[in-house]
Amino acid sequence: MAFPKKKLQGLVAATITPMTENGLDQVIIHVGALSLKESQELAQHAAEIGADGIAVIAPFFLKPWTKDILINFLKEVAAAAPALPFYYYHIPALTGVKIRAEELLDGILDKIPTFQGLKFSDTDLLDFGQCVDQNRQQQFAFLFGVDEQLLSALVMGATGAVGSTYNYLGKKTNQMLEAFEQKDFSLALNYQFCIQRFINFVVKLGFGVSQTKAIMTLVSGIPMGPPRLPLQKASREFTDSAEAKLKSLDFLSFTDLKDGNLEAGS
Ligand SMILES: CC(=O)N[C@@H]([C@@H](O)[C@H](O)[C@H](O)CO)[C@@H](O)CC(=O)C(=O)O
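Below is a short write-up of the structure. (Residues numbered from 1 in each chain as written. Predicted model: local features only at pLDDT ≥ 70, side-chain atom pairs only at ≥ 80, totals over all residues.)

1. Here's the deal with the packing of helix H10 (residues 209-220) against helix H11 (residues 236-248)
Right, so step 1: Running from N to C, H10 and H11 point in directions that differ by 55°, and their axes come no closer than 10 Å. Judged by the angle between their axes, H10 and H11 are oblique. Remark: the crossing between H10 and H11 carries right-handed chirality. Across the interface between the two elements, Gln211, Ala214, Ile215 and Leu218 of H10 pack against Phe238, Thr239, Ala242 and Glu243 of H11.
Right, so step 2: Its residues placed into classes, the contact of H10 with H11 shows 5 nonpolar, 2 polar and 1 charged. (Axes fitted to C-alpha atoms, helices over the stretch in contact; angles between N-to-C directions. Helix = DSSP H or I, 4+ residues; strand = E, 2+ residues; numbered from the N terminus. Parallel < 35°, antiparallel > 145°, perpendicular 65-115°, else oblique. Left-handed = near helix turned anticlockwise from the far one by under 90°. Contact = placed C-beta atoms within 7 Å. Nonpolar A, V, L, I, M, F, W, Y, C, P; charged D, E, K, R; others polar.)

The structure is reproduced here in structure tokens:
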């Protein structure tokens, strides 16, 4: 998968959608599920509808407890869409599957010939760095998923990023990428700190999918609708505080705001 230079990937729900100036470049569909059969059906469906790739998280109710078991699970899913590039989505805080990504990558192409890369949503930069270091010959995509640490991951060799905040902090993040590419690390750090200030603020208020939807609605004016149960809609207080913070950090001016209907879109 070729990543457009200096462009970020935004994650919308379960679909990874790299953006270019002309819109969606590629669509990678997440097909993870608790049941292998369901995952395989989703993978086949993704192939039928023309997806550019599929991504899978580890099953998290009945968990794989060794690397080999996890690989076997992933292999069976990948085999259901043998023509599609395959990505493993490593997000241990949510799946509870803590098998190190570095271990998983060891010899993975022998098992999963369509393996293309990793979405790495964990703060363990030792594991991430070793994934990159030990696979320099493989041309894998190393997509980082902890937005507040992206700069550190770029230093480690991240080839792309997939995260929730790029849906509305993309401009600032692109400025950080630009500064990084120009080797202006002090400027890049300023951008990263600014992004961190916002994320740190919302994390303290309670931040997740519902809050992401509320902020996206606020910024874009496109009603994202309520989250599905068991998630609860973000409170009005949250949205007001997030809006004030975005403005105080200069992420957003009054004129940037669209007429978002926070209540709409069921
Ligand atoms: C745990 C989590 O939700 N991580 C996010 C990050 O983008 C995260 O929202 C961001 O780094 C702020 O902490 C993504 O990596 C994952 C994500 O958005 C998703 O799978 O929906």
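Once the structure has been displayed, the description carries forward.
2. Points about the pairing of strand E6 (residues 86-90)
Right, so step 1: Within E6, 5 of the 5 residues are buried, which leaves the element mostly enclosed by the surrounding structure.
Right, so step 2: Note that the unit made of strand E5 (residues 53-57), helix H2 (residues 67-79) and E6 has a crossover that is right-handed. (Buried ≥ 20, exposed ≤ 12 C-beta atoms within 10 Å, placed from the backbone. Right-handed = clockwise from strand over helix to strand, strands pointing away.)

3. Details of helix H9 (residues 185-205)
Along an α-helix, residues three or four positions apart point the same way, because every turn accommodates 3.6 residues.
Right, so step 1: An ideal rise of 1.5 Å per residue puts 30 Å on 21 residues; H9 measures up with 30 Å between its terminal C-alpha atoms.
Right, so step 2: Those residues of H9 not exposed but buried are Ala188, Tyr191, Gln192, Ile195, Phe198 and Val202. Along the axis of H9, the buried residues cluster in a sector spanning 120°; they form a single face. Structural note: H9 exposes Ser186 and Lys204 on the side pointing more than 90 degrees away from its buried face.
Right, so step 3: As for H9, its buried residues are in contact with helix H7 (150-156), helix H8 (166-181), H10 and H11.
Right, so step 4: Looking one or two places after H9, you find glycine 206, whose phi comes out positive at around 105°. (Expected span 1.5 Å × (residues − 1). Arc of directions from axis to C-beta.)

4. With respect to the site of the ligand
Right, so step 1: Lining the immediate surroundings of the ligand are 12 residues, of which Ser121, Gly145, Asp147, Gly163 and Ser164 lie closest.
Right, so step 2: Looking at the shell around the ligand residue by residue, the classes come out as 5 nonpolar, 5 polar and 2 charged. (Near = placed C-beta within 6 Å.)

5. Considering the nonpolar core
Right, so step 1: Formed by 66 residues in total, the largest nonpolar core has its most connected members in Ala46, Ile54, Val56, Phe142 and Phe144.
Right, so step 2: For this core, the element with the most residues is H8, which contributes 6 residues.
Right, so step 3: Two domains each put at least three residues into this core: domain 1 (1-164) and domain 2 (169-266).
Right, so step 4: Not counting residues within four places of it along the chain, the set of residues in contact with phenylalanine 142 comprises Gly117, Leu118, Phe120, Cys131, Val132, Gly157, Ala158 and Thr159. (Core = buried A, V, L, I, M, F, W, Y, C linked by C-beta atoms within 7 Å. Domains from an automatic or database assignment.)

6. Some points on the pairing of strand E7 (residues 115-120)
Right, so step 1: For E7, the tally of buried residues reaches 6 of 6 residues, placing the bulk of the element in the interior.
Right, so step 2: Looking at chain direction, E6 and E7 are connected through 5 bridges and run parallel. If you follow phenylalanine 86 over to E7, its bridge partner there is phenylalanine 115.
Right, so step 3: With 4 bridges connecting them, E7 and strand E8 (residues 141-144) associate as parallel partners. From the neighbouring strand, leucine 118 faces E8, where its bridge partner is phenylalanine 142.
Right, so step 4: A crossover connection joins E7 to the parallel E8 through helix H6 (residues 125-133); in handedness this β-α-β unit is right-handed. (Pairing = 2+ DSSP bridges.)

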